[in-house]
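Per-entry structural report
If you want the building blocks of each chain, they are given just below.
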Amino acid sequence: MVADATVATVMTTYLDHAATTPPRPEARAALSSWLDAANASASHLAGQAARVAVEAARDEVATALGCSPHEVVFTSGGTEADNLAVKGVAWAARDRRRHVPHLVTTAVEHPAVLEPARWLAERGDVTLTVVPPARDGRVEVERVLAALRPETALVSVMAANNELGAVNDVPGLAAALTGRGVPLHTDAVQAVATLDVGDRWGVDAMALSAHKFGGPQGVGVAVLRRGLPVVPLAHGGGQDRGVRSGTFAVALDAACGAALTAAVADREGLRARLGVLSERLAAALTALEGVARSGPADPGWRLASHVHLLLDGVDADAVSLGLDAAGIVASGGAACGAGAAKASPVLEACGLEGTPLRLSLGWTSTGADVDRAIDVLTELIPRLRSGHGRGVAVADRGGRGVPTGPVPRPTSPAR
Ligand code: PLP
């Protein structure tokens, strides 16, 4: 780990919004207003005031997603929301039926979906089908439908992939599943900042994470359709209609609601702005030798925020060191949660090879950020390919040189 002060001195151009997005001012204000909140389940006036704040935040989320407030459950983040949907729905199905339920998901899901799915299968709680993606990272609706069995109890397909930014036709899948009695869960963690999730796309369950749309880390939302049977993950005080026990996180929930409201109000403009910036970034970098953009070719099927590149003949660690030295914050290959570098299962599933580099934009991104990234990478990539990259100072536009050295460096998980 790098000490905070060190990060502060080099962190100049932030292009890792897919990993986490800085909190919006509305979220900061809500967070600080409610930090001293009483317990929202207490019956005294202070507790009631806190409860009003939680319910107001729930209303905000419901309005943003076009669902009922009764369908909104606050969680500790996207991971818990995904786990609640996958395990909760699977266990409820197992309890209702005589046979082992079948679960369908995809090879490009975030570990927050794939790991609970695999864990359930290993325990014998479900049988599992993992649908492969196309080379561009999208998962075809027909392939998902072809995986269905009479005992299928849940389909989980992500709305947009965190690495490639590939967008799936979740509303189309929801329509195709209508009337089949198979609930659909979608991980919309990466999607909600730039895509309209009106009428919650007709899905039965959805996972969101506040720190991907300008809220704080450590809070998220599970949207669970009314009447969807879900076994809770945690048993306790029975808060949130018994689905999610635990003292309400008043300040985090309020900040989540405020961030989502602000994000939705800003969404159309943001998508247009980021679309222009990301296309400019991708066009400049793919003009370099041995740099290719991955993900869907059609901008309609990729997030405006993501530029995913594959670099030929360039060492991943050297790219990371060079970017750090130049003060560009971006993610290389996906790594496991413990911080150790490993090949990306998403790229493997898509049959893609090369050194990955994900540049992801968000609400704070500017044209100057993009210009700077272009300048740095246009100099860095050819230099690394020619083998002169390690341990060499990288100068930014202003000529500031930051020495890089062969320091051992944990790769950021940056999901
Ligand atoms: N799903 C996707 C697609 C993500 O990108 C992430 C976070 O990177 C998560 C789930 C997990 O969300 P959280 O960090 O809130 O647990």
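Report on the accompanying structure. A quick note: this is a predicted structure, and the numbers were derived from the prediction, not measured.

Rules behind the numbers
Residues numbered from 1 in each chain as written. Predicted model: local features only at pLDDT ≥ 70, side-chain atom pairs only at ≥ 80, totals over all residues. Heavy atoms only, no water. Helix = DSSP H or I, 4+ residues; strand = E, 2+ residues; numbered from the N terminus. Contact = heavy atoms within 4.5 Å. Areas by Shrake-Rupley, 256 points an atom, 1.4 Å probe, with all protein chains shown as cover. Buried < 20%, exposed > 50% of the residue type's maximum accessible area, 1.4 Å probe, protein only. Salt bridge = Lys/Arg side-chain N within 4 Å of Asp/Glu carboxyl O. Pairing = 2+ DSSP bridges. Axes fitted to C-alpha atoms, helices over the stretch in contact; angles between N-to-C directions. Near = heavy atom within 4 Å. Polar contact = N/O pair within 3.5 Å; in protein donor to acceptor, adjacent residues only side chain to side chain. Nonpolar A, V, L, I, M, F, W, Y, C, P; charged D, E, K, R; others polar. 1 Å grid on protein atoms, 1.4 Å probe; cavity = no way out; pocket = protein on both sides within 12 Å on 5 of 7 lines; lining within 4 Å. Points joined across faces, edges and corners; volume = space filled by probe spheres on them. Domains from an automatic or database assignment. Expected span 1.5 Å × (residues − 1).

1. Regarding the overall build of the protein chain
- Looking only at helices and strands, the protein chain has 11 helices and 14 strands in total.
- The long-range share in the protein chain, meaning contacts at least 24 apart out of those at least 6 apart in sequence, stands at 74%.
- Split by element, the accessible area of the protein chain, about 16700 Å² in all, is 56% carbon and sulfur.

2. Here's the deal with unusual backbone geometry
- Phi is positive for Asp199, close to 50 degrees, though the residue is something other than glycine.
- Structurally, Asp199 can be placed in the loop between strand S6 (184–187) and strand S7 (205–209).
- Judged by its relative accessible area of 60%, Asp199 falls in the exposed class.
- Here the phi dihedral of Arg200 falls at roughly 35 degrees; this positive angle occurs in a residue that is not glycine.
- With respect to the helices, strands and loops of the structure, Arg200 is situated in the loop between S6 and S7.
- For Arg200, a relative accessible area of 12% gives the class buried.

3. Examining the pattern of salt bridges
- Inspection of the entire model under this criterion finds 19 salt bridges.
- A salt bridge links Arg51 to Glu55; the shortest N-O distance between them is 2.8 Å. Here the residue Arg51 and the residue Glu55 both occupy positions in helix H3 (residues 45–65), the gap between them amounting to 4 residues, near one helical turn.
- With relative accessibility at 32%, the residue Arg51 sits in the partly exposed group.

4. Here we look at the sheet that holds strand S12 (residues 355–360)
- Spatially, 3 strands are ordered S9-S10-S12 in an open sheet, and the strand pairing comes out antiparallel. Each edge of the open sheet carries a strand with a single partner, namely strand S9 (291–293) and S12. Between one strand axis and the next, the sheet turns through 30 degrees on average, direction left out of account.
- Summarising the sheet, S9 and strand S10 (residues 306–311) pair through 3 bridges and their orientation is antiparallel.

5. Some thoughts on the pairing of S10
- By the criterion of burial, S10 is predominantly enclosed, with 6 of the 6 residues buried.
- Residues of S10 alternate between two faces, with His306, His308 and Leu310 on one and Val307, Leu309 and Leu311 on the opposite face, all of them buried.
- Here S10 runs beside S12; their pairing, made up of 6 bridges, is antiparallel. Within S12, the residue paired with Leu309 across the bridge is Leu357.

6. Comments concerning the site of the ligand
- Among the 14 residues in the neighbourhood of the ligand, the closest are listed as Gly78, Thr79, Asp187, Ser209 and Lys212.
- Measuring from an oxygen atom of the ligand, one finds a backbone N or O atom of Gly78 at 2.7 Å.
- Per-element tally for the shell around the ligand: the top contributor is helix H4 (residues 78–96), with 3 residues.
- The residue inventory of the shell around the ligand, partitioned by class, reads 2 nonpolar, 8 polar and 4 charged.

7. A look at empty space enclosed by the protein
- Per the stated rule, a full pass over the model turns up 2 cavities of 30 Å³ or more.
- Roughly 150 Å³ of volume is contained in the largest cavity.
- Taken together, 19 residues form the lining of the largest cavity, with His17, Thr21, Ala193, Lys212 and Leu361 sitting closest to its centre.
- Counted by class, the lining of the largest cavity contains 8 nonpolar, 9 polar and 2 charged residues.
- Residues from two domains meet in the lining of the largest cavity; each of domain 1 (2–22 + 267–402) and domain 2 (25–264) gives at least three.

8. Considerations on H3
- Its 21 residues place the ends of H3 30 Å apart at the C-alpha level, agreeing with the 30 Å of an ideal helix rising 1.5 Å per residue.
- Taken together, the buried positions of H3 are Gly47, Ala50, Ala53, Val54, Ala57, Arg58, Val61, Ala62, Ala64 and Leu65.
- Considering only its buried residues, H3 is in contact with strand S2 (72–75), S7, strand S8 (220–224) and helix H8 (250–286).
- Of the residues one or two after H3, Gly66 is the one with positive phi, at around 70 degrees.

Everything listed is a geometric property; what it means functionally is a separate question.
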